[in-house]
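Chain residues, written in single-letter form:
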Amino acid sequence: MESIENLTVLVVEPSLTQYKIIDSHLRSLGVSMVERIKDGQSALASMRQSHPDLVISAMYLPDMTGTDLVYAMRDDPVLAEIAFILISSETKVRYLEPIRQAGALAILPKPFATANLKKALFTTLDFLFPDEAFSAQYMPEEMRVLIVDDSVTSRHYIRKVLSNLGIQHFAEAENGKLAIELMQTQYFDIIVTDYNMPEMDGDEFVRYVRNESSQASVPILMVTSVSDSNRLASVQQAGISAICDKPFDPQSVKDILAKILSS
């Protein structure tokens, strides 16, 4: 079984003081293979030479932002599977939302607690390594999953997490309208959908599935960064099976799928 002590971590942090804080937390959790780089371009070059398991980055780097860095990683086939965590004092939604959409495993504040970092590291393990025990217990290899999200990087992240649970059959759509077209010709065992999408958003899509489709009983998991309680209440009333935040904890998805497969 993989453990957090075996993770190789690249910390992209221009501040020596901040790096020492992060390094201290990592070492207190048993992580010893830690490298520091100060800027984004050097970090990308280093990743291509020695593939780390996890990149922990600040938001503001000398030559780019953490957002630029994670999207450069996701656009590079060699780097796309590397786990990414942001540590930043930034709180503005317009800056953090792209990070969530890019499939960051966690967004930690400055300062952060060791317990929060520990949770993020275990999330990294769930993201990187297949869960053979889950696959053996529930045998999900025959499940067909429809992923509906307008973000390519977000779809890739969701697919990666579900693949680690033994799911092999996927279909993808950029919005609810295109998802409906797929549902007219294919049957799905579970749907994973975003809320904010063009053409037809998650709320409209869920209502269509529940009220107008031939697959009205299919379990629907919504993965979203929406925090508006009224909007979330609306989609829950529409018949959502469960809601997860972006970035989501793979363990939460695992627990939800376990309930679905058990029933």
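Notes on the structure in this doc start here.

The rules behind these values
- Residues numbered from 1 in each chain as written.
- Predicted model: local features only at pLDDT ≥ 70, side-chain atom pairs only at ≥ 80, totals over all residues.
- Heavy atoms only, no water.
- Buried < 20%, exposed > 50% of the residue type's maximum accessible area, 1.4 Å probe, protein only.
- Helix = DSSP H or I, 4+ residues; strand = E, 2+ residues; numbered from the N terminus.
- Pairing = 2+ DSSP bridges.
- Core = buried A, V, L, I, M, F, W, Y, C linked by side-chain atoms within 4.5 Å.
- Contact = heavy atoms within 4.5 Å.
- Axes fitted to C-alpha atoms, helices over the stretch in contact; angles between N-to-C directions.
- Salt bridge = Lys/Arg side-chain N within 4 Å of Asp/Glu carboxyl O.
- Expected span 1.5 Å × (residues − 1).

**Thoughts on the pairing of strand β3 (residues 54–57)**
Part 1 of the argument: Of the two faces of β3, both are covered, the one formed by L54 and I56 as well as the one formed by V55 and S57.
Part 2 of the argument: Across 4 bridges, the pairing between strand β1 (residues 8–12) and β3 is parallel. Opposite V11, over in β3, you have I56 as the bridge partner.
Part 3 of the argument: Taken together, the 4 bridges between β3 and strand β4 (residues 83–87) define a ladder with parallel strand orientation.

**What to know about the nonpolar core**
Part 1 of the argument: Counting 47 residues, the largest nonpolar core has L26, I56, I85, L121 and L162 as the members making the most contacts within it.
Part 2 of the argument: Apart from the residues within four sequence positions on either side, L121 is in contact with I4, L7, L26, L29, V31 and L54.

**Here we look at the environment of P52**
Part 1 of the argument: Among the secondary structure elements, P52 is positioned in the loop between α2 (40–49) and β3.
Part 2 of the argument: Placed 30 residues apart in sequence, P52 and I82 show a C-alpha to C-alpha distance of 7.0 Å.
Part 3 of the argument: Beyond its immediate sequence surroundings of up to four residues, P52 is in contact with T8, L10, M47 and I82.

**Points about the sheet that holds β3**
Part 1 of the argument: With respect to topology, 5 strands assemble into an open sheet ordered β2-β1-β3-β4-β5, the strand pairing being parallel. Bordering the open sheet on either side are β2 (33–37) and β5 (106–108), each of which pairs with just one other strand. Going across the sheet, the axis of each strand differs from the next one's by a mean of 20°, ignoring polarity.
Part 2 of the argument: Here 5 bridges tie β1 to β2, and the two strands are oriented parallel to one another. Pairing of V12 across the sheet is with I37, part of β2.
Part 3 of the argument: Docked against the sheet, helix α5 (residues 114–128) engages β3, β4 and β5, running at close to 160° with respect to β4.

**Things to note about the pattern of salt bridges**
Part 1 of the argument: Evaluation of the coordinates by the stated rule reveals 10 salt bridges.
Part 2 of the argument: A salt bridge links K254 to D131; its shortest N-O distance comes to 2.6 Å. One end of the pair, K254, is in helix α11 (residues 250–262); the other, D131, is in the loop between α5 and α6 (132–138), with 123 residues separating them in the sequence.
Part 3 of the argument: It is possible to trace a salt-bridge network through shared partners that takes in D126, D131 and K254.

**Digging into α11**
Part 1 of the argument: Compared with an ideal rise of 1.5 Å per residue, which puts 13 residues at 18 Å, α11 spans 18 Å between its outermost C-alpha atoms and is within 8% of the ideal.
Part 2 of the argument: Considered for burial, the residues of α11 that qualify are P250, V253, K254, I256, L257 and A258.
Part 3 of the argument: Its buried side turned inward, α11 meets α5, α6, α7 (152–163), β8 (190–193), β9 (220–224) and β10 (242–245).

**Focus on the sheet that holds strand β7 (residues 169–173)**
The strands that make up a sheet pair up through hydrogen bonds in the backbone, lying either parallel or antiparallel.
Part 1 of the argument: Judged by pairing direction, the sheet is parallel, and its 5 strands sit side by side in the order β7-β6-β8-β9-β10 without closing on themselves. Edge strands, defined here as strands with exactly one partner in the open sheet, are β7 and β10. Strand after strand, the sheet turns through a mean of 20° between neighbouring axes, direction not considered.
Part 2 of the argument: Bridge count between β8 and β9: 3 bridges; the pairing is parallel. Pairing of T193 across the sheet is with M222, part of β9.
Part 3 of the argument: Running over the sheet, α7 touches β6 (144–148), β7 and β8 and is turned about 165° from β7.

**Notes on unusual backbone geometry**
Part 1 of the argument: Going from K110 to P111, the amide bond is cis rather than trans, its omega being -5°.
Part 2 of the argument: Position of P111 relative to the elements: it lies in the loop between β5 and α5.
Part 3 of the argument: Phi angles above zero are rare outside glycine, and M139 is one such case at about 45°.
Part 4 of the argument: Among the secondary structure elements, M139 is positioned in the loop between α6 and β6.
Part 5 of the argument: On the basis of relative accessibility, which here comes to 57%, the residue M139 falls in the exposed class.
Part 6 of the argument: The phi angle at E199 is positive, at roughly 70°, despite the residue not being glycine.
Part 7 of the argument: Of note, E199 is situated in the loop between β8 and α9 (202–211).

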